[in-house]
Amino acid sequence: MKIKRKGQTTIEYLLVTVSLLVVFVVMYKSLQYALAGQFKRGGLVIIKMYKVDPW
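In short, a report on the structure. In this text the structure is predicted, and so the values were computed from the model without any measurement.

### Here we look at the overall build of the protein chain
A tally of regular secondary structure across the protein chain gives 1 helix and 0 strands. Out of the 55 residues in the protein chain, the part that is buried amounts to 2%. Summed over its atoms, the accessible surface of the protein chain is roughly 5900 Å², and 73% of this surface lies on carbon and sulfur atoms.

### Concerning a nonpolar patch on the surface
On the surface, Val 16, Leu 20, Val 23, Phe 24 and Met 27 cluster together to form a nonpolar patch covering roughly 460 Å² of accessible area. Counting through the fold element by element, Met 27 comes out in helix α1 (residues 6-52). Note on Met 27: relative accessible area 41%, which makes it partly exposed.

Conventions and cut-offs
Residues numbered from 1 in each chain as written. Predicted model: local features only at pLDDT ≥ 70, side-chain atom pairs only at ≥ 80, totals over all residues. Heavy atoms only, no water. Helix = DSSP H or I, 4+ residues; strand = E, 2+ residues; numbered from the N terminus. Buried < 20%, exposed > 50% of the residue type's maximum accessible area, 1.4 Å probe, protein only. Areas by Shrake-Rupley, 256 points an atom, 1.4 Å probe, with all protein chains shown as cover. Patch = residues over 30% accessible without salt bridge, like charges linked within 9 Å, V, L, I, M, F, W, Y side chains within 5 Å. Salt bridge = Lys/Arg side-chain N within 4 Å of Asp/Glu carboxyl O.

Just distances and angles here, no functional claims.
This is the structure:
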């Protein structure tokens with residue numbers, strides 16, 4: 001006796017795809033936020049160095 005599970009398999013693939021997409025989007029946004037913060041801190045360090053030691 002063979003039961004067709006094509007619909008269940010499709011739903012499972014869709015759920016896995018959507019969950020992976022959500023995970024990657026959250027990771028991308030968090031890394032983007034962290035990297036922007038690092039650039040701001042680095043820029044402030046460079047500006048302070050130029051103010052302290054001009055040429």
